[in-house]
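# Summary of structural features
Residue-level listing of the chains:
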Amino acid sequence: MSAVAHGGATTSVAPGAGGPPPDAAAEKTGRRWTPYLLLLPGMLWLAIFFAVPMVFLASTSLQTGSLEQGYVLTFHFQTYVDALQSYWPQFLRSFGYAATATIAGALIGYPLAYAIAFKSGKWKNFLLVLVIAPFFTSFLIRTLAWQTILSNSSPVVKFFQVTGLMDVLQFLGLTSNDQLMASKFAVIAGLTYNFLPFMVLPLYASLERLDPRLLEAAGDLYASPFTGFRKITFPLSLPGLVAGTLLTFIPAAGDYINSKLLGSTNTTMIGQVIDGQFLRVLDYPTAAALSFVLMLSIVLLVSIYVRRAGTEELV
Amino acid sequence: MRGQGPVSWLREHVIALIAALVFQYMLLPNVVVILFSFNKPNGRFNYEWTKFSVDAWLHPCAAPGMCQSLALSLRIGLLATIGATVLGTLVAFALARHRFRGRSGTNLLIFLPMATPEVVMGSSLLTLFVGLGLPLGTNTILIAHIMFCMSFVVVTVKARISGLDARLEQAAMDLYANERQTFMRVTLPLVAPGIAAAALLSFSLSFDDYIITNFNASSSSVTFPMFIWGAASRGTPVQINVIGTMMFVLALAAVGGAQLVSGRRKRA
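Predicted model only: the values in this text are computed from it and were never measured.

### Remarks on the overall build of chain A
What chain A contains, in helices and strands, is 14 helices and 2 strands. Taking the contacts inside chain A whose residues are at least 6 apart along the sequence as the reference set, 67% of them involve residues at least 24 apart. With the model as given, the accessible surface of chain A reaches about 16,000 Å², and the carbon-plus-sulfur share is 68%.

Structure, rendered in structure tokens:
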């Protein structure tokens with residue numbers, strides 16, 4: 001229906017009866033600086049407090065010295081080598097956990113987004129509120145609640161034990177000692193949970209935009225519902241899926257709240273190392289090098305992914 | 001025969017069933033937070049259900065330091081929201097309404113903070129502040145919060161401006177409204193819901209941030225998330241759950257109210 005209204009709009013505006021005032025050229029000169037004036041304060045803020053700090057970070061990573069005696073820029077690249085040698089397991093773990101949480105999020109987020117977009121009827125708005133509702137409570141408080149949910153005396157753990165899911169997880173190497181807390185599983189489940197809305201909302205947005213007439217046409221041409229999904233719905237939802245995976249993967253790779261509150265020393269993620277090096281060990285060059293490597297590897301991974309997602313290979 | 005029994009019912013409703021399960025997963029922690037706000041724990045930690053009690057609700061500030069941290073977070077959240085909303089809305093208007101040189105560069109600078117892990121943003125700001133010799137505290141937290149909230153404001157407000165029907169502004173101009181009048185009486189009121197949504201988003205991002213804040217705070221500027229983080233190792237007072245429950249209920253009420261208002265307006 002909105003498409004029809006839109007079509008009507010174009011025809012009525014096209015003759016230009018009421019368009020912009022005729023003295024557009026005169027106004028243009030006055031307006032030339034308007035966008036820059038609008039941009040100036042915000043862009044200055046981002047330049048000074050986002051872009052410049054990145055330069056400081058890079059510079060710090062190449063300095064030597066100590067916090068008391070001051071640092072000097074010596075282009076000491078060895079810091080990078082040492083830092084990577086010491087902490088590559090935490091790096092790999094972070095990317096592994098983030099990737100697993102992203103895939104899990106897509107697997108459980110897709111049916112949810114699909115159901116809200118196509119099956120919810122008048123409940124649509126209510127369900128959308130439910131998707132963002134967990135956000136309303138501070139996410140540290142919710143992560144603490146997961147400690148309760150996953151603790152040994154909780155019904156969830158009993159359920160996992162009775163149904164044999166615990167054995168499956170143990171077999172997969174995700175848990176140990178017949179408990180959920182302080183395991184890989186707990187950290188990944190926490191990451192999946194915390195970033196799920198970031199997966200569901202873009203997916204929903206792209207599914208919602210889908211023209212149902214396309215599916216009707218597919219049905220008219222004797223496509224089964226599954227073929228319709230495979231050839232129409234899924235490909236058209238790919239932009240949402242790509243956005244959702246990025247919005248999940250990037251923050252999950254840098255997160256350390258889940259691994260700290262739900263994991264153990266065996267599940268330490270790289271964010272926790274960076275935090276500790278900066279705020280407890282006070283080894284700024286190492287911490288800056290780790291932080292810089294984290295960002296570069298994310299940029300690299302994301303650009304490879306986006307390039308591949310842009311081609312048919314992913315479809 | 002096979003297609004008409006419970007199997008076909010299941011096939012019809014399998015997506016709804018999965019969605020219901022996912023909702024349970026998403027809302028379970030909130031239920032636990034609410035439930036455990038009525039607990040009376042034995043030790044310092046509030047993990048196991050012991051006894052029903054409304055103590056924490058009657059004395060929400062009894063947990064030492066918690067209400068101070070809450071007040072600080074509210075103050076920072078409010079100021080960061082004002083800063084980020086003003087700066088971001090101006091940028092959004094520039095991007096949505098003007099064609100100018102450097103537009104794609106601007107878009108990139110807006111996008112990057114959203115695509116940078118928090119730990120990198122927090123630590124790079126720390127190196128800046130340390131390098132410049134700026135003392136850490138409320139001001140540095142505020143600077144950081146305005147920075148990372150701004151991009152979200154720009155995106156939210158820009159979407160609203162782009163979705164506006166240009167004919168409404170043209171109609172105002174046709175009726176001899178000048179540019180200023182058109183902006184104040186037509187454009188701004190139409191964009192206002194987007195600005196309000198952006199402000200709410202900013203506030204919740206600022207109020208909830210731990211990682212970036214922790215890098216740019218001092219021992220005298222403990223925000224609410226920092227307080228919770230500390231409590232996670234020292235002992236979690238039940239009052240944390242009370243605040244969590246209040247946040248949940250207040251936000252739900254606000255969203256419900258907004259839905260009601262917009263629904264009524266749409267019908268009118």
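That was the structure; now back to the text.
### A few points about the interface of chain B and chain A
Counting residues at the interface gives 74 residues for chain B, matched by 76 residues for chain A. With both chains or domains summed, chain B and chain A bury close to 7,000 Å², and 79% of this area falls on carbon and sulfur atoms. Considering only the side of chain B, the residues that lose the most area to chain A are B:Tyr25, B:Met26 and B:Trp229, jointly responsible for 10% of the buried surface there. Connecting chain B to chain A are 0 salt bridges. Counting across the chain B and chain A interface gives 12 residue pairs in polar contact (both at pLDDT 80 or more). Top contributing element to the side of chain B that touches chain A by residue count: helix α1 (residues 6-36) of chain B, with 14 residues.

### Focus on the side chain of A:Gln277
Among the structural elements, A:Gln277 can be located in helix α13 (residues 270-281). Apart from residues lying up to four places away in sequence, A:Gln277 is in contact with A:Tyr87, A:Leu282, A:Asp283, A:Thr286, A:Ala287 and A:Leu290.

### Looking at the environment of A:Gly105
Residues and elements named next belong to chain A. Note that Gly105 resides in helix α4 (residues 78-119). Between the C-alpha atom of Gly105 and that of Val168, which follows or precedes it by 63 residues, the distance is 20 Å. Filtering out sequence-adjacent residues up to four positions away, Gly105 remains in contact with Tyr110, Thr192, Leu196 and Met199.

### Here's the deal with the packing of helix α3 (residues 34-61) of chain A against helix α5 (residues 118-132) of chain B
Across the interface, α3(A) lies against α5(B) with an axial gap of 7 Å and an inter-helix angle of 80 degrees. In terms of axis orientation, α3(A) runs roughly perpendicular to α5(B). Two secondary-structure elements touch here, α3(A) through A:Ile48, A:Phe49, A:Phe50, A:Val52, A:Pro53, A:Met54, A:Phe56, A:Leu57 and A:Thr60 and α5(B) through B:Val120, B:Met121, B:Ser123, B:Ser124, B:Leu125, B:Thr127, B:Leu128, B:Phe129, B:Gly131 and B:Leu132. Here the residues of the contact of α3(A) with α5(B) sort into 14 nonpolar, 5 polar and no charged.

### Quick notes on the side chain of B:Thr187
Residue and element names in this part refer to chain B. Looking at the element boundaries, Thr187 is found in helix α8 (residues 179-208). Given the relative accessible area of 2%, Thr187 is considered buried. Residue contacts for Thr187: discarding those within four places in its chain leaves Phe93, Arg97, Leu164, Glu169 and Thr182.

### Focus: the packing of aromatic side chains
Under the counting rule described, the total for this entry stands at 30 aromatic pairs over all chains. Taking the centre distance of 5.6 Å and the plane angle of 70 degrees together, the rings of A:Tyr36 and B:Phe100 count as edge-to-face. Here B:Phe100 lies in the loop between α3 (66-97) and α4 (103-114) and A:Tyr36 lies in helix α3, a pairing that spans two chains. In this structure an aromatic cluster arises from ring pairing among A:Tyr110, A:Tyr114, A:Phe118, A:Phe229 and A:Phe234.

### Some details on the UniProt feature "domain: ABC transmembrane type-1" (unreviewed entry) in chain B
Under the UniProt annotation, the feature "domain: ABC transmembrane type-1" (unreviewed entry) is placed at residues 70-261 of chain B. For residues 70-261 of chain B, the helix share is 83%, the strand share is 0%, and the end-to-end C-alpha distance is 30 Å.

### Remarks on the pairing of strand β2 (residues 70-73) of chain A
All names here are of chain A. In terms of strand pairing, strand β1 (residues 63-66) meets β2 through 4 bridges, oriented antiparallel. Considered in β2, the bridge of Ser66 is made with Gly70. Linkage of β1 to β2, two consecutive antiparallel strands, is achieved through a turn of 3 residues.

### Considerations on the nonpolar core
Across soluble globular proteins, nonpolar side chains show a tendency to be buried alongside one another. Counting 158 residues, the largest nonpolar core has A:Leu112, A:Phe278 and A:Leu294 as the members making the most contacts within it. The leading source of residues in this core is α4(A), at 16 residues.

### Some points on the UniProt feature "domain: ABC transmembrane type-1" (unreviewed entry) in chain A
Mapped onto the present numbering, the UniProt feature "domain: ABC transmembrane type-1" (unreviewed entry) falls on residues 91-305 of chain A. With 81% helix and 0% strand, residues 91-305 of chain A has end C-alpha atoms that lie 18 Å from one another.

### Some words on the confidence of the model for chain A
Residues and elements named next belong to chain A. Predicted confidence across chain A gives a mean pLDDT of 86, with 88% of residues reaching 70 or more. Scored below 50 in pLDDT, residues 1-27 shows 9 contacts in the model against residues more than four places distant or in partner chains. Note that residues 311-315 has pLDDT below 50 and, in this model, 6 contacts with residues that lie over four places away or in other chains.

### As for the UniProt feature "transmembrane region" (unreviewed entry) in chain A
Residues and elements named next belong to chain A. Per the UniProt entry, the sites bearing "transmembrane region" (unreviewed entry) are residues 36-58, 95-114, 126-149, 185-205 and 287-306 in this numbering. Across residues 185-205, helical content stands at 100% and strand content at 0%; the span's end C-alpha atoms are separated by 30 Å. A helix fraction of 100% and a strand fraction of 0% characterise residues 287-306, whose end C-alpha atoms lie 28 Å from each other.

### So, the UniProt feature "transmembrane region" (unreviewed entry) in chain B
Residues and elements named next belong to chain B. UniProt records the feature "transmembrane region" (unreviewed entry) at residues 14-38, 76-96, 108-134, 140-161, 182-205 and 240-261, using the numbering of this structure. Between the C-alpha atoms that bound residues 108-134 the distance is 28 Å, and the span itself is 81% helix and 0% strand. Annotation note: span residues 182-205, helix share 100%, strand share 0%, distance between end C-alpha atoms 33 Å.

Analysis parameters
Residues numbered from 1 in each chain as written. Chains lettered and ligands numbered in written order. Predicted model: local features only at pLDDT ≥ 70, side-chain atom pairs only at ≥ 80, totals over all residues. Heavy atoms only, no water. Helix = DSSP H or I, 4+ residues; strand = E, 2+ residues; numbered from the N terminus. Contact = heavy atoms within 4.5 Å. Areas by Shrake-Rupley, 256 points an atom, 1.4 Å probe, with all protein chains shown as cover. Buried area = accessible area lost by both parts, 1.4 Å probe. Salt bridge = Lys/Arg side-chain N within 4 Å of Asp/Glu carboxyl O. Polar contact = N/O pair within 3.5 Å; in protein donor to acceptor, adjacent residues only side chain to side chain. Axes fitted to C-alpha atoms, helices over the stretch in contact; angles between N-to-C directions. Parallel < 35°, antiparallel > 145°, perpendicular 65-115°, else oblique. Nonpolar A, V, L, I, M, F, W, Y, C, P; charged D, E, K, R; others polar. Buried < 20%, exposed > 50% of the residue type's maximum accessible area, 1.4 Å probe, protein only. Phe/Tyr/Trp six-rings, centres within 6.5 Å; stacked < 30°, edge-to-face > 60°. UniProt positions renumbered as here; feature names shortened; annotations may be inferred. Pairing = 2+ DSSP bridges. Core = buried A, V, L, I, M, F, W, Y, C linked by side-chain atoms within 4.5 Å. pLDDT = per-residue confidence, 0-100.

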